[in-house]
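Chain residues, written in single-letter form:
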Amino acid sequence: MNPTRKKLFIYIGLFLVVIVGGIYIFTSEQNQSQAPAAMEMGHVDNMGSMGNMSMGDTSNKGIPVTHFTAPKTNAPTKTFTLIAESKKINLGNGITTDALTFNGTVPGPELRVTQGDRVVVHLINKLNTGVTIHWHGVDVPGAEDGIAGVTQDAVKPGQTFTYTFIANQPGTYWYHSHQDSFNQVGKGLFGAFVVDPKKPAVKYDKDYTLTLHDWNIPGNNVFTVNGTSSGVHLAAKPGEQVRLRLINTGNATHLLTLTGAKFSVIALDGHDISGPSPIEKTLLPVGAAGRCDISFKMPANGVVKLVDADVSDNENKMISATIGNGQPVSDNSNPKEYPRFDFTTYGVHQRGIYSLSTSFTKTYDLKLGEGMTINGKLAPNIPPIEVKQGDSVKITLENNSSLIHPMHLHGHTFQVLSKNGKPLSGSPIYLDTLNMMPKDSYVIAFQANNPGIWMFHCHDLSHAAVGMDVMVYYQGISTPYKVGNNSGNNPE
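Worth saying up front: this structure is predicted, and the values here are computed from it rather than measured.

Observations concerning the overall build of the protein
So, step 1. A tally of helices and strands in the protein yields four helices and 35 strands.
So, step 2. For the protein, the residues scored as buried account for 59% of the 492 residues in total.
So, step 3. Nonlocal contacts in the protein, meaning residues at least 24 apart in sequence, comprise 76% of its contacts between residues at least 6 apart.
So, step 4. Summed over its atoms, the accessible surface of the protein is roughly 19,400 Å², and 50% of this surface lies on carbon and sulfur atoms.

Rendered as structure tokens:
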């Protein structure tokens, strides 16, 4: 979506918020919405009340979300320090911008651990505004999710905060601020988080992470891979087995493919695909916040190139990576004409955790509409998804709008059961972010096995800023935190 159209939808959404909820939302630097003066993120009967709104148990008798922390363990500990600070950075092609960074770079440092490690991350805030860290795709304990006003207060300028969790899930994930996230993530507060399996099934000669981002710089739309719009070069020798971890940290969906070698899609959102097979001349739609891991063998001659095949040729020039040395293999085909990868039929069919015939204890329907609505409403007026520990939850998602909506569930991994009424016929697919194209419908399912107060929101962060966010509440859990101007907490 071009910036002008995106801003138009944000303004329309803000107007709807005023009408539906009686809440005035004022946009900051880049149309970022803000909450009222004080609002409790707990469950209340009157979601539209301005003075003391809540999305959980307001009686203070519930178990506070801060109770849910990492268990004591003798596992190896990996400790990191992330410093949030402003810095002018070079995006390549002569383009510089004032960015928000972790440790002075965009993306921030890649945090790499081994499955089972105890992860300790010290956040130091040297910005002039609050900040948090959300562990995207990682099923952290409820107190560690990094949501300002829900699981913690935003870390104020000059303060520190420590996150602790066990890295149980191997795979490709990422971290980013969840305070004023439309602005802060957009301006650079993100990085890769990789969990290596304790016992790898495959050994790769080269294992690279490529982080894609889109920047809305006045007068110039810029797209980067690992922080540069000038293209990335990665070393690899003929015959080597290469793994690429593709992470989309921006708001746009990218259509990616490889030239020079066949490739296999080995994981989506950090979760392995059963029986992946080599493919070629196929576009991978990598939606906002999504991850896609691919592997390939370097050819005897020539290089392999990661190319972008979106509508914008300018974008395609900026998003590129070259693997190996030599000349590209001659290929006169047009990647824009390639078919799109379909995860619903890819891989070897196996029985998953759930199926459409499962007897679920909770079922919900979420209809995504124009104006960034869910079931005709905007947050905080969207009725929550309410569960208790042990529930099996089925959600039917319908995108009735004309926009792409990458829907991200915090704290849980869900299984995709069907698309447009047709059950999956390939590998079971487990995701945390589902990129929903216009008019698509999906049935997904998850187990309520991680007590807390969680978000389920569109990860086009301009949509989330308007109010495209439904909460998931566990019975009997409360939060001591508030959202609003006086609190300093503004999660979207």
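Looking at the environment of Ala 235
So, step 1. Looking at where Ala 235 falls in the secondary structure, it is placed in the loop between strand 13 (232-234) and strand 14 (241-248).
So, step 2. Spatially, the C-alpha atom of Ala 235 lies 5.0 Å from that of Gly 324, the residues being 89 residues apart in sequence.
So, step 3. Ala 235 has contacts with Lys 206 and Tyr 208, leaving out every residue within four places of it along the chain.

Let's talk about the pattern of salt bridges
Where charged atoms from two side chains of opposite charge come close, those side chains can pair.
So, step 1. Inspection of every chain in the model, using the stated rule, returns 16 salt bridges.
So, step 2. As a salt-bridge pair, Lys 88 and Asp 98 come within 3.0 Å of each other at their nearest N and O atoms. A residue pair is termed long-range when its members are at least 10 positions apart, and Lys 88 in strand 3 (residues 77-92) and Asp 98 in strand 4 (residues 95-102) qualify at ten residues.
So, step 3. When the shortest N-O distance is used, the salt bridge between Asp 313 and Lys 336 registers 2.8 Å. With Asp 313 in helix 3 (residues 313-318) and Lys 336 in the loop between strand 21 (320-323) and strand 22 (362-369), this residue pair connects regions lying 23 residues apart in the sequence.
So, step 4. Given a relative accessible area of 47%, Asp 313 falls into the partly exposed group.
So, step 5. Look at Lys 336 and you get partly exposed, because its relative accessible area is 37%.
So, step 6. Salt bridges sharing partners connect three or more residues here, namely Glu 110, Arg 112, Asp 196, Asp 207, Arg 243, Arg 245 and Asp 293.

Some remarks on the nonpolar core
So, step 1. Core analysis: the largest hydrophobic core is formed by 95 residues, its most contacted members being Leu 244, Val 265, Phe 296, Phe 343, Val 416, Leu 434 and Phe 456.
So, step 2. Those residues in contact with Leu 434 that lie beyond four places of it in its chain are Phe 343, Leu 397, His 405, Pro 406, Met 407, Phe 414, Val 416, Tyr 442 and Ile 444.
So, step 3. Of all hydrophobic cores here, the second largest spans 25 residues; its members include Ala 84, Leu 123, Phe 193 and Val 195.

Digging into the sheet that holds strand 4
So, step 1. Strand order in the open sheet formed by four strands is 4-3-6-8, and the pairing between neighbours is mixed. The open sheet has two edge strands with one neighbour each: strand 4 and strand 8 (160-166). When the angles between neighbouring strand axes are averaged without regard to direction, this sheet yields 25 degrees.
So, step 2. With seven bridges connecting them, strand 6 (residues 118-125) and strand 8 associate as antiparallel partners. Considered in strand 8, the bridge of His 122 is made with Thr 162.

Section: the packing of aromatic side chains
So, step 1. Scanning the model with the defined rule gives ten aromatic pairs in all.
So, step 2. With a centroid separation of 5.9 Å and an interplanar angle of 75 degrees, the aromatic rings of Trp 135 and Tyr 163 are classed as edge-to-face. Of this pair, Trp 135 sits in strand 7 (residues 134-136) while Tyr 163 sits in strand 8, and the two are 28 residues apart along the sequence. Note on accessibility: Trp 135 and Tyr 163 belong to one class, buried.
So, step 3. Judged by centre distance (4.9 Å) and plane angle (70 degrees), the ring pair of Phe 341 and Tyr 346 falls under edge-to-face. Taken individually, Phe 341 and Tyr 346 each receive the classification buried, so the pair is uniform in this respect.

Brief notes about unusual backbone geometry
So, step 1. Looking along the chain, the bond that leaves Val 106 and enters Pro 107 is cis, with omega of -5 degrees.
So, step 2. Among the secondary structure elements, Pro 107 is positioned in the loop between strand 4 and strand 5 (108-114).
So, step 3. Residue Pro 380 is reached from Ala 379 by a cis peptide bond, and omega for that bond is 10 degrees.
So, step 4. By the element assignment, Pro 380 lies in the loop between strand 23 (373-374) and strand 24 (385-387).

Description of the confidence of the model for the protein
So, step 1. Confidence along the protein averages 90 in pLDDT terms, with 88% of residues attaining 70 or more.
So, step 2. Low confidence marks residues 42-59, where pLDDT is under 50. Its contacts with residues over four positions away, or in another chain, come to 55 contacts.

Remarks on the sheet that holds strand 24
So, step 1. The mixed open sheet is built from five strands, whose spatial order is 24-33-32-26-30. Each edge of the open sheet carries a strand with a single partner, namely strand 24 and strand 30 (433-436). Neighbour to neighbour, the strand axes of the sheet diverge by 15 degrees on average, direction disregarded.
So, step 2. Sheet analysis places strand 24 next to strand 33 (residues 469-474), joined by three bridges and oriented parallel. Counted as the bridge partner of Glu 386 is Tyr 473 from strand 33.

Notes on the side chain of His 178
So, step 1. Of note, His 178 is situated in the loop between strand 9 (171-176) and helix 2 (181-186).
So, step 2. Only 3.5 Å separates the side chain of His 178 from the side chain of His 457, close enough to count as a polar contact.
So, step 3. If we ignore the near neighbours within four places in the chain, the residues touching His 178 are Thr 132, His 134, Gly 146, Ile 147, Ala 148, His 410, Met 455, His 457, Asn 490, Pro 491 and Glu 492.

Quick notes on the pairing of strand 12 (residues 220-225)
So, step 1. Bridge count for strand 11 (residues 206-217) against strand 12 is six bridges, and the pairing is antiparallel. Bridge pairing links His 213 to Thr 224 in strand 12.
So, step 2. Two successive antiparallel strands, strand 11 and strand 12, enclose a turn made up of two residues, where Gly 219 displays a positive phi of approximately 80 degrees.

Examining the side chain of Asp 310
So, step 1. With respect to the element layout, Asp 310 can be found in the loop between strand 20 (304-308) and helix 3.
So, step 2. Ignoring anything within four residues of it in the chain, the contact list for Asp 310 reads Thr 253, His 254, Leu 255, Glu 315, Asn 316 and Lys 336.

Brief notes about the environment of Lys 317
So, step 1. Within the secondary structure, Lys 317 is located in helix 3.
So, step 2. Considered as a pair, Lys 317 and Ser 230 are 87 residues apart in the sequence and their alpha carbons are 8.1 Å apart.

A short note on the pairing of strand 10 (residues 190-196)
So, step 1. Among the seven residues of strand 10, six are classified as buried, and the element is accordingly described as predominantly covered.
So, step 2. As paired strands, strand 5 and strand 10 are joined by five bridges and run parallel to one another. Paired with Leu 111 across the strands is Phe 193, a residue of strand 10.
So, step 3. Here strand 9 runs beside strand 10; their pairing, made up of six bridges, is antiparallel.

What counts, and where the lines are drawn
- Residues numbered from 1 in each chain as written.
- Predicted model: local features only at pLDDT ≥ 70, side-chain atom pairs only at ≥ 80, totals over all residues.
- Heavy atoms only, no water.
- Helix = DSSP H or I, 4+ residues; strand = E, 2+ residues; numbered from the N terminus.
- Buried < 20%, exposed > 50% of the residue type's maximum accessible area, 1.4 Å probe, protein only.
- Contact = heavy atoms within 4.5 Å.
- Areas by Shrake-Rupley, 256 points an atom, 1.4 Å probe, with all protein chains shown as cover.
- Salt bridge = Lys/Arg side-chain N within 4 Å of Asp/Glu carboxyl O.
- Core = buried A, V, L, I, M, F, W, Y, C linked by side-chain atoms within 4.5 Å.
- Pairing = 2+ DSSP bridges.
- Axes fitted to C-alpha atoms, helices over the stretch in contact; angles between N-to-C directions.
- Phe/Tyr/Trp six-rings, centres within 6.5 Å; stacked < 30°, edge-to-face > 60°.
- pLDDT = per-residue confidence, 0-100.
- Polar contact = N/O pair within 3.5 Å; in protein donor to acceptor, adjacent residues only side chain to side chain.

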